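# Reading the structure
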Amino acid sequence: MFIDPLDSSRLGAKVEEDGVGFGLWAPNASRVELSLIDPVKNQRNIEMTVDEQGIWHTFVPGAREGQEYGYRVHGDWAPGHGRRFNPARLLLDPYARAVTGGIDYRGPIHDHIATNAFRPDSTDSLGAVPLGVVVADTPPPPPVAGGRRPMAESVIYEMHVRGFTKMHPLVPEHLRGSYAALAYPDVIAYLLETGITAVELLPIHHYASEPFIAHKGLRNYWGYNTLSYFAPHAYYATRGTLGNQVTEFKAMVTALHDAGIEVILDVVYNHTAEGGHEGPTLSMRGIDHAGYYRLTDDLRDDYDVTGCGNSVNSWTPRVRQLIVDSLRYWVEHMGIDGFRFDLAPTLFRDGQHRFIPDHPLKQQIDSDPVLSEVKLIAEPWDIGPYGYQLGSFGPGWSEWNDRFRDHVRDYWKSTVHGVQELATRLSGSPDVFHHNGRRPQASINFVTAHDGFTMRDLVSYDVKHNSANGEGNRDGSDNNRSWNHGFEGESDDAAINDLRARQVLNMHATQVLAAGTPMILAGDEFGRTQKGNNNAYCQDSPLSWVDWAPDPRWQSVRNRLVKLLHLRSQHPLLRPDRYLHHTDIINAHGENLRRVDLTWFNDSGAQMGEQDWHDGSRRLLGMYVSDDSDAFLAWFHSGPDPIDVVLPRAPWAARIRIIWHSAGTDELPTDDLHPGSVLRIPGRCVVLTRCDVPATAAELLAMPAPLAH
């Protein structure tokens, strides 16, 4: 299925010594004009020449970086054949490296008249649509200090460039909400102190708001409505949009890399801001509707598996090349360390719209010498047929694990049957990912993300409160698996607030201690709230921005999470890079130390038995991990009342001490604990203990014999 690639160096706008070369792939067009726009919006149209590969090109002597431009693409108007050519539409170059200007949502932005989506509108769209900007090559940011971390060492922090810094008190006001703000020393110091190794940025490809949002006086805040796959979003620049957005983005990546923090982009190659054919024509639809988008069998309508009006057709070789070229540009020119693919199954559907795991696009990414070396993360579902594909993305990929998310929420609100599934999720979800040589890090262990409740709202609201979105509270999920702990919304009851903070810490601890890659939503570490809004995609306001003034209760949550993340960083046993299988521990001398790499304990000091696993009322589980010199035992107790547990004896531990817990400061002992003694674990908490263990057979023999019980 592979087709000889186009020469990508001929696409887009390329600055040369004496001018700029322009190239556009539009194989079904009959004529293409390059429109050069001056600062007062006068235009000069230049005829382009086509070659045998369908690339239209021209060279403009004297043109230089900062030049604004677009294309006018001529051809037949035949919506029933997937062609909607309309030269009255000034179109954005799919390879443009910067975008300037916005959309006049009441202007002539549609290719058709208002009363009929299949009759063309001849009104010129100049002045109502964004333009491309010529950007010269500049050196890429340096690689991340120390090199990219393996996934086993990674802690991902999902964040919004604008929302994370818009209210930051230490960032100068004129920088807040920008790329420059995220590069500010105090912001980076906070990430390092927290234990973050990689930031995952909500979409920064240049995007636009949907018309129905704009007409309500709101804007697309999250950014899942891409307009340009090569251009950083201009709104996050501080000094203009004629290329400064590129310069400032690179400076941000440089600052993060210098601190050893990787940058992962959330990318939306599954659809574009043009929406369905009744939406605005801004770029690819006007260049080749059937070439870029999936269409229904009659070729008149978009085939939508994204819920956003259109689906990019990655089954066509040239669209695949656009995606791969874009990905490589962000790695090689902009310094990016990985990607999270929004609605990833859409990208891997064939000509009949069926998901296929060995899709040519996936083969190209997996075999690419550049892309195969960065982090690749899939959101493994879309809304099309057979769109739920958790576990299907193969070696080299990680996936958002919603089964982890849902079960952790259910476990801590005690709406589960026993602890069997908890053990499966804590051990890296082997039922989903343990095949084809995949490692536990294939599982992105998250409890909250941008889409849904924040973690504080998860413990504060039983139902969503989305009235601010202007959709009658009909938008957003109703399957939140949340629990308000006795009062809907913010409470003055200290007991309720203490329990909510504790439950947040419990969920953080579960994702940090589970095998896999933890992902934390920005602000969740200190109780960010959206006041019950679980779909704040259109809320560019304090409702969505991170509030940097948490009260002491929530600051304490953050401090304790930081300590746990640092323990995870210090001890590889707490972040295994392979699946553990109850395997005997053999030391370097070949001696069997009579313990295993992973096992599970009940409250009687014994390994879980069949009866324990089938006890639907059980709300306590002990997870024990060890190697030839160290061991840890973590207790997860979601029951409301304290429970007495017998601590395991030889050969599991010679001495035990609590090194972290989510309970109150005076609820657990601080002294060393003796094997076989009883530890009272408070209700609803996580307790992490470190076990001193024998490293040789002689030390094992010297341990006191376990008592019968």
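What you see is a predicted model, and the numbers here were worked out from it, not measured in a lab. (Residues numbered from 1 in each chain as written. Predicted model: local features only at pLDDT ≥ 70, side-chain atom pairs only at ≥ 80, totals over all residues. Heavy atoms only, no water.)

Here we take up the pairing of strand β15 (residues 198–201). Of the two faces of β15, the one holding Ala198 and Glu200 and the one holding Val199 and Leu201 are both buried throughout. Pairing analysis gives four bridges linking strand β14 (residues 156–159) to β15, with the strands arranged parallel. Counterpart to Met159 in the pairing with β15 is Leu201. Where β15 lies against strand β16 (residues 262–267), four bridges are found, and the strand directions are parallel. Opposite Val199, over in β16, you have Val263 as the bridge partner. (Buried < 20%, exposed > 50% of the residue type's maximum accessible area, 1.4 Å probe, protein only. Helix = DSSP H or I, 4+ residues; strand = E, 2+ residues; numbered from the N terminus. Pairing = 2+ DSSP bridges.)

The strand order β24-β25-β26-β30-β28 describes an open sheet built from five strands, whose pairing is antiparallel. Taken across any chain shown, the strands that pair with only one partner, and hence form the sheet edges, are β24 (598–601) and β28 (655–661). Across the sheet, the axes of successive neighbouring strands diverge by a mean angle of 25 degrees, strand direction being ignored. As defined by bridge partners, β28 adjoins strand β30 (residues 685–692) across six bridges and the pair is classed as antiparallel. Bridge pairing in β30 places Ile658 opposite Thr689. Lying over the sheet, helix α13 (residues 494–513) contacts β25 (620–626), β26 (631–637), β28 and β30, oriented at roughly 45 degrees with respect to β30. (Axes fitted to C-alpha atoms, helices over the stretch in contact; angles between N-to-C directions. Contact = heavy atoms within 4.5 Å.)

A few words now on the pattern of salt bridges. The tally for this structure, following the rule as stated, stands at 44 salt bridges. Across the salt bridge formed by Arg425 and Asp431, the nearest N and O atoms sit 2.9 Å from each other. Arg425 sits in the buried class, given a relative accessible area of 2%. Notably, a salt bridge pairs Arg680 with Asp644, separated by 2.8 Å at the nearest N-O pair. Within this pair, whereas Arg680 is found in strand β29 (residues 678–681), its partner Asp644 is found in strand β27 (residues 643–646), the two being separated by 36 residues in sequence. Judged by its relative accessible area of 51%, Arg680 is exposed. Judged by its relative accessible area of 37%, Asp644 falls in the partly exposed class. Put simply, Asp266, Arg340, Asp342 and Glu379 are held in one network by salt bridges that share partners. (Salt bridge = Lys/Arg side-chain N within 4 Å of Asp/Glu carboxyl O.)

The next subject is the nonpolar core. Judged by nonpolar contacts, the single largest core of 159 residues is most densely connected at Phe22, Phe164 and Phe339. Of all the elements, helix α7 (residues 317–332) adds the most residues to this core, at eight residues. Setting aside residues up to four positions removed in sequence, Phe164 forms contacts with Tyr157, Met159, Leu182, Val187, Tyr190, Leu191, Ala522, Val546 and Trp548. Counting residues in hydrophobic clusters, the runner-up holds 22 residues, among them Leu620, Ala631, Val645 and Trp652. (Core = buried A, V, L, I, M, F, W, Y, C linked by side-chain atoms within 4.5 Å.)

Here the focus is the side chain of Asp368. By the element assignment, Asp368 lies in the loop between α8 (360–367) and β18 (375–378). In contact with Asp368, other than residues within four places in its own chain, are Val324 and Arg328.

Next up on the list: α8. Residues of α8 that are buried: Pro360, Leu361, Lys362 and Ile365. Next to the buried residues of α8 lie α7, β18 and β19 (397–400).

Spatial ordering of the open sheet is given by β4-β3-β7-β13-β10, a layout of five strands whose pairing is antiparallel. Every other strand in the sheet has two partners, leaving β4 (43–47) and β10 (99–100) as the edge strands with one partner each.

This part covers the packing of aromatic side chains. Inspection of the entire model under this criterion finds 35 aromatic pairs. Seen from their ring centres, Tyr269 and Phe341 are 6.4 Å apart, and the 35 degrees between their planes marks the pair as tilted. Taken together, the residues span a long stretch of sequence, with Tyr269 in the loop between β16 and α6 (284–292) and Phe341 in strand β17 (residues 338–341) at a distance of 72 residues. Judged by relative accessible area, Phe341 falls into the buried class, the value being 1%. An aromatic cluster of three or more residues is present, and its members are Tyr95, Tyr179, Tyr207, Phe230, Tyr235, Tyr236, Phe249, Tyr329 and Trp330. The side chain of Lys166 reaches across the aromatic face of Trp545, ending 5.7 Å from its centre. For Arg300, the ring lying beneath its charged end belongs to Phe118, and the centroid distance is 3.9 Å. (Phe/Tyr/Trp six-rings, centres within 6.5 Å; stacked < 30°, edge-to-face > 60°. Lys NZ or Arg CZ within 6 Å of the ring centre and 35° of its normal.)

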